[in-house]
Amino acid sequence: MPAEPGGFILRFSVLLLLASVVVSGPALGQSDQVLIGPVPSWVSSSEPLPVPENAGGVIFVRRSDSLVRLDENGQSQFLGTHIKLLHPSALEAGNLSIAWNPANGATTVHMIKVHRDGGVIDVLEKTKFEILRRENQLEAARLDGTLTAVLRVPDLRVGDELELAMTTLVNDPTLGQNSAGLLLLAPDPHPGRYRLGMSWANNQAPKLKMTADMAAAMQKTDQSVDFRFDNPPLLAPPKDAPARYQWQRIVQYSSFADWEAVSRHFSPLYTKAIRLDASSPIRKEAARIAAAHPDDLARAAAALKLVQQDVRYIYVGLNGGNLTPATAEETWERRYGDCKGKTALLIALLSEMGIGAEPVLVSNSGIDDGLDERLPNPGMFDHVLVRARIGGQTYWLDGTLPPVVSPDARPPFPYKWILPLTAKGNGLEPLPWQPAASPHEIMLFDIDARAGFDKPARVTMKSIRRGIEGLRQYVGFSALTADQLQNGLRQELTGNSWQTVDEARWHFDQKAQASVLTVRGTWVQDWDDDGDGQRSLTLPGGGFNPPERRGRPDEQDQELPYYNKPDFSCSVTTVRLPTGTALENWSTNSGFVTRIFGKTYYRAFDTRDGTIRMVRGLRVDQPEIDAASTRKDNDRIAGFNNSMARISYDPHRKKAAKTASVKVPATDEVDWIADWASCLPSSTGL
């Protein structure tokens, strides 16, 4: 459902909005023009801060006021800035661009002035905004109704002071009389004076929650809060800490009583959107699917594929569609929709077949860590998908994904918190973290060196990718013919390790949800000549870089946990040894199992049947590591085995090859798409 921030975006080419507000609220009439008018009576501007003689950088902010007002007219946002231009690159601040959604309310500019040599130039007397009536993101499949107004301040010079003030009604029609948002001051503002504030009329007071740094600066009355900073210090979020600890200088506000109220507010929108007419063609589609498939899971998969494949994705934010779903009927008729419309259509199909399903709000941007500690705010979610109950099991269905993605017991992203939309109102639900169920990537190398040390080796390389990377590969490769794929890979690979690329094949294994690419050709093997007939070779994909020491600057909280990004990768290499060499003449370096910083590092070798086999696996087992464990693991880095995987041949060596403590399958002995157990150590280790 992308939760686009309501309101306006004021763009300077080089001047970032460092004190800002992200808000949404009740509906008012549309406005497709930039209005010119006086500063609202509820606004009191800060006094400009004198410019120090030694001011440096791009600009000095004499004042920046970002204020929110809640009253009977809805929600308004005021922005007032007065900056000193200190550097030639700051002149781009005169390229003013205002983007706003007219469905959310009007934008009024109060002033644009240039201060120079004690005089004041009123820019609006001779220069007007130009309205650009266009969709700026059509190439990204977005129809959001946003208008853009541009104005170029003429004759702007280094040393000038640019002052502007504007107010925008920031009211998403879907939210009705509710409001929720954030006041924030960026961690790296330019030097100067900043003010964030909020005021409200009687009975409009929102709930407030803020970080400790804002609480220390708060000035509060019965109907307002204010936060003032002169030359605020630069901040750095706690290094490598989970996202919930990254919030700094933020004030949350919300009029929703709780997350259950958010759920109740949005649920009727989907109830209405999935309602079908008696003669709806969607009913006929559901009947066709039900007749063609024997059970509910197969029917749900067919309905999902229909929505994914026959309804193209376009984000629709026109006329209040930012948060409100298009109806299933509309989406099916025009054969395009965003996550909201696709979800409504999919639930309508499932309901017709008697399959229970509900819309669920999620965060694809990954900002849901710590969501249970936030005030209820629908803007914390940017996507909606379907959760269905089939045969006593829970399945996740996302109509915006490619048509090879089936209903799955796990959602497509590792969400931490979700919000089901139900008539009674559901609260946030946690989704417990689990290690990856299968490797995100398996790389298989079969190196046939039987022709000898001085001959090119026949090589088969196979990559197996799952998850988002696998789907990206599907989107790219599925659009190519077999000849186009082979020609492209030949151009890309030949001249590196590959001497020739003789064959390239790709397919998507839908059952395993894996993108599988196989390349065959020849390599010129880089055998090292170690003298006296000895040879050695570094195997691809066999080594690990040592983990980096984890720590934080002294001024940061040393006891916060450290975050691990989910990962699971595996490399498997089989070398078919040169004919005429004996296994007793071959050796490998060490295998190991190391668990450090919440990750398992694994490597094993096996020498038999005229081959040397190697497997190397890495999996994140813990998403967070406590500070005490991290300090202990820092002391273990020096002992980490970061050797590359090496095999060695010595014709004078007569020692029998050591029997491997684990059996490593060759690349062609198992179906690694389905059977990847060898990528991790067994419970007994090596």
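Coordinates for the structure precede this section.
Conventions we followed
Going along each chain's sequence as written, the residues are numbered from 1 onward. For this predicted model, a pLDDT threshold of at least 70 governs which residues receive local features, and a threshold of 80 or more governs which side-chain atom pairs are given and counted, while totals over whole chains, interfaces and linings are taken from all residues. Side-chain figures throughout are based on the complete set of non-hydrogen atoms in the structure, without hydrogens or water. One bridge is not enough; two strands pair if DSSP finds at least two bridges between them. Where helices and strands are cited, they refer to DSSP runs of H or I of at least four residues and of E of at least two residues respectively, numbered from the N terminus. In what follows, residue pairs with any heavy atoms lying within 4.5 Å of each other are defined as contacts. Angles run from 0 to 180 degrees between N-to-C directions of axes, and those axes are lines fitted to C-alpha atoms, restricted for helices to the stretch in contact. The criterion for a disulfide is a pair of cysteine sulfur atoms lying within 2.5 Å. What a helix is expected to span follows from its residue count: subtract one and scale by 1.5 Å. Buried means the residue's accessible area, taken with a 1.4 Å probe over protein chains only, is under 20% of the maximum for its type, while exposed means over 50%, and partly exposed covers the values in between. To sort the angles, those under 35 degrees are grouped as roughly parallel, those over 145 as roughly antiparallel, those from 65 to 115 as roughly perpendicular, and the leftovers as oblique. For any helix crossing, the convention is left-handed if the near helix is rotated counterclockwise from the far helix by under a right angle, and right-handed if that rotation is clockwise. Put simply, a nonpolar core is a bunch of buried Ala, Val, Leu, Ile, Met, Phe, Trp, Tyr and Cys residues held in one set by side-chain atoms that sit within 4.5 Å of each other.

Draft legend 1. Local environment of the sheet that holds strand β23 (residues 383–390). Taken in spatial order, the 5 strands of this open sheet run β24-β23-β22-β25-β26, and their pairing is antiparallel. Single-partner strands in this sheet number two, and they are β24 (393–397) and β26 (429–430). Sheet analysis places β23 next to β24, joined by 5 bridges and oriented antiparallel. Bridge pairing in β24 places V386 opposite L397. The strands touched by helix α2 (residues 259–273) within the sheet are β22 (356–362), β23 and β25 (417–420), with β25 carrying the most contacts at an inclination of about 50 degrees.

Draft legend 2. Seen up close, the sheet that holds strand β29 (residues 498–509). The mixed open sheet is built from 8 strands, whose spatial order is β29-β30-β28-β27-β34-β38-β37-β36. In the strand order of this sheet, the two ends are held by β29 and β36 (592–596), each with one partner. Averaged over neighbouring strand pairs, the angle between their axes works out to 10 degrees when direction is ignored. Bridging between β29 and strand β30 (residues 514–523) involves 10 bridges; their strand directions are antiparallel. Paired with F508 across the strands is S515, a residue of β30. Contacts between helix α8 (residues 482–493) and the sheet are confined to β29 and β30, with β29 contributing the most and set at about 135 degrees to the helix.

Draft legend 3. How the structure looks around the state of the cysteines. Taken as a whole and assessed by the stated rule, the structure comprises 1 disulfide. In this model C570 forms its disulfide with C679; the gap between the sulfur atoms is 2.1 Å. Its torsion about the S-S bond being -85 degrees, the disulfide of C570 and C679 is classed as left-handed. Of this pair, C570 sits in strand β34 (residues 568–576) while C679 is found in the segment after β40 (646–649), placing the two residues 109 residues apart along the sequence.

Draft legend 4. Region of interest: helix α6 (residues 339–352). With 14 residues, α6 should cover 20 Å at 1.5 Å per step; its first-to-last C-alpha distance of 20 Å lies within 8% of that length. Buried residues dominate α6, accounting for 12 of its 14 residues. Those residues of α6 that sit buried are C339, K340, G341, K342, T343, A344, L345, L346, I347, A348, L349 and L350.

Draft legend 5. Representation of the environment of Q77. Along the polypeptide, Q77 turns up in strand β5 (residues 74–85). Residue classification places Q77 among the buried positions, given a relative accessible area of 5%. The sequence separation of Q77 and T146 amounts to 69 residues, and the corresponding C-alpha distance is 17 Å.

Draft legend 6. How the structure looks around the packing of helix α3 (residues 281–292) against helix α4 (residues 296–310). Look at α3 against α4: their axes get within 9 Å of each other, and the N-to-C directions meet at 135 degrees. Here α3 is positioned oblique relative to α4, judged by the angle of their axes. Judged by the twist between their axes, the crossing of α3 over α4 is right-handed. Here E285, R288, I289 and A290 of α3 lie close against α4, whose contacting residues are R299, A302, A303 and L306.

Draft legend 7. Region of interest: the nonpolar core. Grouped together as the largest cluster of nonpolar side chains are 40 residues, with contacts concentrated most on I112, F129 and V153. Ignoring anything within four residues of it in the chain, the contact list for I112 reads L96, I121, D122, V123, L124, F129, L151, V153, L162, E163 and L164. Within the second largest apolar cluster, 30 residues are counted, among which are L485, V501, L517 and V575.

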